[in-house]
Amino acid sequence: MRLKNKSSRTKTAEARKQRLLSLLEKHGLGIYEDLDKGKFPQFVVPSRSVNNIVYDKKLRQYILGSANSVRSARNMSQLRSYTQLAWLAFFVNRLVKEGKSSTLRDIYYSSQAFSIDFEDQPESDNIIVDLEAVLASPREEFHIFPEERSSVFGDLTIEYTVPGYEGKRVNLSDHPDGYLIGPSLSSAELVDTNAELVIAIEKGGLFTRFVEENVHKKFKAIIVDTAGQAPRSTRNLLRRLNNELSLPVVILADGDVYGEHIAMVIKSGSANAAHLRELTVPDAKWLGVWATDIEKYKLPTIPMTEADIKRIYDLQKDPRYQEGIWKKQLEAFLKLKRKAELEAFSKYGLTNITDKYLPAKLEESKSL
Amino acid sequence: MSSSKEIFSQISPSEFFYRNRDLAGFSNPTRSLYTSVREFVENSLDACDQKRILPDIHLSIKAADSEQPDPKHYVLTVKDNGPGVDPKHIPLAFGTVLYGSKFGLKQARGMFGLGATMAILYGQITTNKPVTVKSCADGKTLDEFVMLLDIQKNKPVILKHTTKEAAKSGLSVSIVLEGDYSKAGTKIRDYVSQTSLITPYASITFEDPSGEKFHYPRIVKEMPPPPTAIKPHSHGVDVETLRRMIVDTHYQIPAVDNKMIEKVRKELGMQKKNSSPKDIFNRAEKRWADLSRPVRTIIAVMSFMNIDFERLRKIRIDDVDVANKKIAYWDFGESQSHIVEVDPESTYYKQLANTVQGETLLTFLTKRFQRVGPTTAEKFCEFAKFKSEKRIGSMTNEELVKLADALQKFDEFLAPDPSCLAPLGEEPLSKGIIKFFNPEFAAVIQRNASAYSGFPFIVEMGIAYGGDIPPAGLKVYRFANRIPLLYDEGSDVVLKVINETDWSRYKVKGDPPLVLVSHICSTRIPYKTVGKENVADRPELERELKNALQYLARKLAVHMSRQGIAEMAKKRANLYAKYVPLIAQFATELSGKKKEPNYKQLVRMGSEIEEQI
């Protein structure tokens, strides 16, 4: 039984909520006082321009440099976007206080009730990222979620904090299709688990297969379907499983350059989210499918496209791909110029992947 | 081979125009109706201009039988409040071709008054109906003529002439002609409205065949200064013009008739008795300084023949051959010709010689041409390799060609005198444009006079933007000598200059609500075609148009950016008025305060601070 220690047991989600609310209040007060004094208020937004995104070796993720941009109400061309940002802070404050959740699309429409007109959703999405950068918190903490959802299944007991469900506990192995990683799950406290491992898998089909094949029992695992590139709420959950419950995280993705990068993003984040921490699992391990696995397991392959090969060259410039298995597999993919999907194991029987490949790779990963 | 004999015969000017009516704009019923309107309206305006009368023009077009389809017969009437025409000139003025009062060298709408007769001619050949001319020149009597034109003889045929009392002067011309108003209507209405724009001192009323009235009231009460008739410029004359000028300036031997003899006697104070030649010459010598030039010439001739008035009455002077010092005359009594020797020593010789050979080249140049002083004239003579004292009457044909050629080539003559031009003037043009378009912005410019090939010209231009002007892109109104040019816009020099302009440089974008009015004044507009609808691209003209356009475009750009700044300030104020209260609302809830902050100050500051980029 892995139990969280007593002090943080029910407080993790609540603490983050309180931290956010006080941050919002502080900003609100600042603006209020500026207005009262006849001063133009402003937000200091860490610059997210390419020049200001650097790789931090210690944190093992991309972070923003020290450059900031000032968005001031004094500047007429910034007044509108300043007001949009102030509105979003105000709106997030309501969402969090009232325990309501919202989607990116919702935000775009909600703004119209306050005569804040966004030209289009990309504009409102952009303001959301600005607020993330200002408050250094992911939008999931603002109760703003993207449309895409991934799922989780396994022996994990959570306790809801969302209104109407406060204190209610659920074990995530109760429903074989898994649980959506949505707002309520993201804001829930992680209470208890018997699992010893988290397996993140790229595809929904294989997620179902893993449940059917009792992988969660055989390997004492919590299985997470990332549904392609893992959404931030999923990455946040993976991190919490790793941090709060000290569960190791392993990743299974297609045997191509995109699969490799899905694993890398879970491990060390993306440049797009350089303004955010707590979305990475630095100790996560990429199990496969490696380029070398394709030959070793004699998997049926398909040829790479020009775009695939270009993507390899691009990633070879990324500082995170300069060593170890990451570098080695990129080179192997480039040499092979062929790729294999996770489903390729079905050639050798539907359970081949869970019976043969997974145990072998888990064994192999211990030496990584 | 059979030999054929060509028959040569003279045709009258009327017949010539009848055969070539296409040239003058009478090619079809549509064009002819439009051209006729133009000719009569322009004649009326010119007449009023000449007498400094604020024009009041009434134009009406009525179908003779409105049931008929076009083209059909229309009654076209143009009535003005001008000076009218002296009744004794009316038959010739309206009943013959090439009879006119506009042969002088100054700017006028029409040349020679040909067009009106052409319209009358056209009306007559298409409908066989006479022209009705009502004129009152003295403000008391109205003469009404109903006339036809004898085309072959170029003579009027008066069908009716009546007179009655009238209250004020004016002229009304009414013709019946074949026309097509359904097609020409748009152009005619455009013509009338644009004429009122360029003639803001005129009141113009147009009643169309449907009875609809278009009234364009007078906008300004001041008439622009009139043009003065001037002497030709040296660059603007050819050999033929030169020859005519010499004939004009040439002092002719006066015709000796009873009237002339009376004049001589009167000047000498010898009306009563018959005097001997000796008495006559003595008296002439005493009074020489007071005698007029023709009288002096007659006395000189009499002295060589040594005759008295009785004898003078019976002869006709045929030739004065100064070179050979001989005078030939015809004696009626004897019915035979006589030749007398002329004594070159005689004091009368010089008088006679000067008279016959005309002025010296120096005098001719300074007196007969505009803006030529003695210094320039001397320089020119040197340039042309003529002696300045050479008598122009003694020039041979070759010498005349050489002279005309040199006049063209000599480049030290001053630019042509623009006083013969009648631009509208900046103020009336501006008032006309403002009244006409009711724009948000208008600017006008009158360029200084310039010249091409010896013909002076002045470019006037106006620009108007916004207001009631529809945002349909630049619309150009072209005028030449106060005539709207409506056809053949594409090939016109004004359009060429406008199309070469990059409007985006002047902050004009898209389809702007923009109007340009261009007026070219010249004693001779360089039209491209006889239709007189498009002006050729002479480089001098193009340069002036371009300069005028650039000046106006810059003015417009200033206006546009001023307007831009004002709009920006307004936008600023609106933005801060909208957003600051919102920010206050959000901050109040975020900070958990009850009362909103006092943000009024910030709204005001926001609308005041300068734009920062």
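Participant: Kindly report on the overall build of chain A, identifying the contributing residues and their values.
Facilitator: From N to C terminus, chain A includes 13 helices and 18 strands. The C-alpha atoms of chain A give 22 Å as radius of gyration, which agrees with the globular expectation for 368 residues (21 Å, within 12%). Put simply, chain A has 368 residues, and 58% of those count as buried. Put simply, 74% of the contacts in chain A that link residues at least 6 apart link residues at least 24 apart. Placing the 54 positive and 50 negative side-chain charges of chain A at their respective mean positions leaves the two points 4 Å apart.

Participant: If you had to explain the sheet that holds strand S9 (residues 315-321) of chain B to someone new, which residues and values would you point to?
Facilitator: Residues and elements named next belong to chain B. Ordered by their spatial adjacency, three strands build an open sheet running S9-S10-S11, and the pairing between neighbours is antiparallel. Among the strands making up the open sheet, the edge pair consists of S9 and strand S11 (336-341). Pairwise comparison of adjacent strand axes, ignoring direction, gives a mean angle of 25 degrees for this sheet.

Participant: Tell me about the interface of chain A and chain B, and please be specific about residues and values.
Facilitator: You'll often see interface size given as the accessible area lost when the parts meet. In this assembly, 31 residues from chain A lie in contact with 30 residues from chain B. Summed over both sides, the interface of chain A with chain B buries roughly 2,900 Å², with 68% coming from carbon and sulfur. Per-residue buried area on chain A facing chain B is highest for Tyr-32, Leu-35 and Met-76 of chain A; these three make up 27% of the total on that side. At the boundary of chain A with chain B, the tally comes to one salt bridge. Two residues, Arg-94 of chain A and Glu-589 of chain B, come together in a salt bridge whose shortest N-O distance is 2.7 Å. Taken together, chain A and chain B are joined by five residue pairs in polar contact (both at pLDDT 80 or more).

Participant: Describe the packing of helix H2 (residues 29-50) of chain B against helix H5 (residues 181-198) of chain B, and please don't skip the residues or the numbers.
Facilitator: All names here are of chain B. It is the contact of H2 with H5, at a shortest axis distance of 8 Å, that shows an interaxial angle of 25 degrees. Relative to H5, H2 is oriented roughly parallel. Handedness of the crossing formed by H2 with H5: right-handed. Contact with H2, carried on its side by Thr-30, Leu-33, Tyr-34, Val-37, Arg-38, Val-41, Glu-42 and Leu-45, involves Tyr-181, Lys-183, Ala-184, Lys-187, Ile-188, Tyr-191 and Thr-195 of H5 and no other residues of that element. Tallied by class, the residues present in the contact of H2 with H5 amount to nine nonpolar, two polar and four charged.

Conventions used here
Residues numbered from 1 in each chain as written. Chains lettered and ligands numbered in written order. Predicted model: local features only at pLDDT ≥ 70, side-chain atom pairs only at ≥ 80, totals over all residues. Heavy atoms only, no water. Helix = DSSP H or I, 4+ residues; strand = E, 2+ residues; numbered from the N terminus. Rg over C-alpha atoms; globule rule 2.2 N^0.38 Å. Buried < 20%, exposed > 50% of the residue type's maximum accessible area, 1.4 Å probe, protein only. Contact = heavy atoms within 4.5 Å. Lys, Arg positive; Asp, Glu negative; His and termini not counted. Charge placed at Lys NZ, Arg CZ, Asp CG, Glu CD. Pairing = 2+ DSSP bridges. Axes fitted to C-alpha atoms, helices over the stretch in contact; angles between N-to-C directions. Buried area = accessible area lost by both parts, 1.4 Å probe. Salt bridge = Lys/Arg side-chain N within 4 Å of Asp/Glu carboxyl O. Polar contact = N/O pair within 3.5 Å; in protein donor to acceptor, adjacent residues only side chain to side chain. Parallel < 35°, antiparallel > 145°, perpendicular 65-115°, else oblique. Left-handed = near helix turned anticlockwise from the far one by under 90°. Nonpolar A, V, L, I, M, F, W, Y, C, P; charged D, E, K, R; others polar.

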